[in-house]
Amino acid sequence: MRLCLVIPTLDCGGAEKQLCLLAAGLPRDRFDVHVVLLTRDGPRRRLLDEANVPVTVIGKRLKADPTAYFRLRRCLKRLRPDIVHTWLFAANSYGRTAARSLAVPTILGSERCVDLWKTSRHFAIDRYLARRTTGLTTNSQGVIDFYARHGIDAARFHVVPNGIETSPDDAVRRWPNTPEAAGASPVAASSAAAGRLDRDAACRRLGVDPGRRLIFAVGRLWPQKRYRDLIWGGEMLGLLRGDTTLVILGDGPQRGELMRYRDAVTNPQRVWFAGPQQDVPELLPHAEAFWIGSAYEGQSNAVMEAMRAAVPVVASDIPGNRDLVVDGQTGILVGLGDAAEFAKVTNGLLEDADRAADYGRAGRARIIEHFSIDDMTQRHVDLYQTLSRRS
């Protein structure tokens, strides 16, 4: 069965990571997989090259680029796929239209997020193509509910939760009340967790004082993530305790603006921008909590990585985060934009290591049980085969 996965880029986003994990994990005796990039290549390409998955770059240059459409159509005509599965708005639009024009038997779109940025024009395109293709995949019930409110039949969606690498060798935070760290301080306990990267090395990489208690936030620096709320929360927590640093890992178009805001309301000791980091999973065990304040998400890979590392998560109470964080069991959900509550509940976790450790262990168990790569891949295999039989 020849499968074409179409996505705009291979940037370091969550959808791009899931597509690469899927492409690399599909059984080669049953699927001939090709990845088509509508716009440009990116750092995720390494995963595909290691798995020997062929990649074609179309090179779309403009927001509306008819020449890119025709290049994409020629590519699909050459590959003659049995299934075309497109991801994210531009690829959903160009890819499904091109696949329809070639009468590809099975055509799927994929919506990965609650896309509040979309206008009525975007939703009109989404509705038109949804009615004319086989179905859509998503990672979250919250995404289905969002698109159903904008006129797309919920029955057309198939939920496949995100997958994440899990193994006994994962770097995991060890807490003072665990056998591995009996009698140790929180700082010393987390140093043992990462194995290959001790705390001093991790803090040197991040540029922070190893004596501080670290809170991590990971993601692209842009409005969706509401980093202003987290910066203000980091200031309040630091003022309350005097020993914490909120470490923000990532880059993006708001970096300069957010650093100016940080400098206006707090200081680098309480809120530190560590820039983009290549090995976030190695760094996570040195955090005592993980923050995400997003206004909308599909299913955050960063949250999944924190939970896998047994780091308790404090998250904005939105649909995508609710799919991962079970409030009061695997982490804590707080009201969107409530910076004071982020500080308050995190202070409670720092004061109660037993409760923090319970959240961390429960979060890791939830990820291993429900969000493995093998499960994500098998769900796609079952879906592709079921829909192909109907075609």
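The rules behind each value
Residues numbered from 1 in each chain as written. Predicted model: local features only at pLDDT ≥ 70, side-chain atom pairs only at ≥ 80, totals over all residues. Heavy atoms only, no water. Salt bridge = Lys/Arg side-chain N within 4 Å of Asp/Glu carboxyl O. Buried < 20%, exposed > 50% of the residue type's maximum accessible area, 1.4 Å probe, protein only. Helix = DSSP H or I, 4+ residues; strand = E, 2+ residues; numbered from the N terminus. Core = buried A, V, L, I, M, F, W, Y, C linked by side-chain atoms within 4.5 Å. Contact = heavy atoms within 4.5 Å. 1 Å grid on protein atoms, 1.4 Å probe; cavity = no way out; pocket = protein on both sides within 12 Å on 5 of 7 lines; lining within 4 Å. Points joined across faces, edges and corners; volume = space filled by probe spheres on them. Polar contact = N/O pair within 3.5 Å; in protein donor to acceptor, adjacent residues only side chain to side chain. Pairing = 2+ DSSP bridges. Axes fitted to C-alpha atoms, helices over the stretch in contact; angles between N-to-C directions.

A.B. asks: In this structure, what is going on with the pattern of salt bridges? I would like to understand it.
C.D. replies: When the charged atoms of two side chains lie near each other, side chains of opposite charge can form a pair. Tallied over the entire structure, the rule returns 26 salt bridges. For E111, the salt bridge is made with K118, and the minimal N-O distance between the two is 3.5 Å. Like E111, the residue K118 is buried in the burial classification. The closest approach of N and O atoms between R228 and E257, which form a salt bridge, is 3.4 Å. Placement of R228 in helix α9 (residues 227–241) and of E257 in helix α10 (residues 255–265) is noted, with a sequence separation of 29 residues between them. The class of E257 is partly exposed, set by a relative accessible area of 31%.

A.B. asks: Quick question: what am I supposed to make of the nonpolar core here?
C.D. replies: Side chains of a nonpolar character, in soluble globular proteins, are inclined to be buried together. Residues F216, L249, F290 and V313 are the most contacted members of the largest nonpolar core, which totals 33 residues. Breaking this core down by element, the ones donating at least two residues are α8 (199–206), β8 (213–218), β9 (244–249), α11 (280–283), β11 (289–292), α12 (301–308) and β12 (313–316). Of the residues forming this core, the biggest block, five residues, is contributed by α12. Apart from the residues lying within four places of it in its own chain, the contact partners of F216 are L206, L246, V247, L249, L283, L284, A287, A289, F290 and W291. The next biggest cluster of nonpolar side chains, apart from the first, holds 29 residues, and it includes L3, L5, V33 and V381.

A.B. asks: How should empty space enclosed by the protein be read in this particular structure?
C.D. replies: It is a probe the size of a water molecule, rolled over the atoms, that shows where empty space is left. One pass over the full model with this rule turns up two cavities of 30 Å³ or more. A217, V218, K225, Y227, L230, W291, I292, G293, S294, E297, S300 and A302 are the residues that line the largest cavity. At the level of secondary structure, the elements contributing two or more residues to the lining of the largest cavity comprise β8, α9 and β11.

A.B. asks: It is not clear to me how the environment of R44 should be interpreted in this structure. Could you clarify?
C.D. replies: Tracing the backbone shows R44 in the loop between β2 (32–37) and α2 (45–50). Owing to a relative accessible area of 18%, R44 belongs among the buried residues under this scheme. A polar contact is formed between the side chain of R44 and the backbone oxygen of G13, at a distance of 3.4 Å.

A.B. asks: Would you mind going over the pairing of β8 with me for this structure?
C.D. replies: One face of the sheet, then the other: side chains in a regular strand alternate in exactly this way. Taking burial as the measure, the six residues of β8 include six buried ones, the bulk of the element. Burial of β8 is two-sided: the residues R213, I215 and A217 facing one way and the residues L214, F216 and V218 facing the other way are all buried. Two strands pair when backbone bridges link them, and β8 and β9 are joined in this way by six bridges, in the parallel orientation. Residue A217 lies in a different strand from β9, and its bridge partner there is I248.

A.B. asks: Sorry, what's going on with the sheet that holds strand β13 (residues 331–334) here?
C.D. replies: Strand pairing in a sheet is mediated by backbone hydrogen bonds. Such pairs are either parallel or antiparallel. Strand order in the open sheet formed by six strands is β10-β9-β8-β11-β12-β13, with parallel pairing between adjacent strands. With partners counted over all chains shown, the strands left at the sheet margins are β10 (271–275) and β13, one partner each. Here the strands of the sheet are splayed against their neighbours by 25° on average, with no regard to which way each runs. Strand direction decides the pairing type here: β12 and β13, joined by four bridges, are parallel. Bridged to V314 within β13 is I332. Of the strands in this sheet, β8, β11 and β12 are in contact with α12, which crosses β11 at around 165°. On the sheet, helix α14 (residues 339–351) packs against β8, β9, β11, β12 and β13 and is oriented at approximately 165° with respect to β12.

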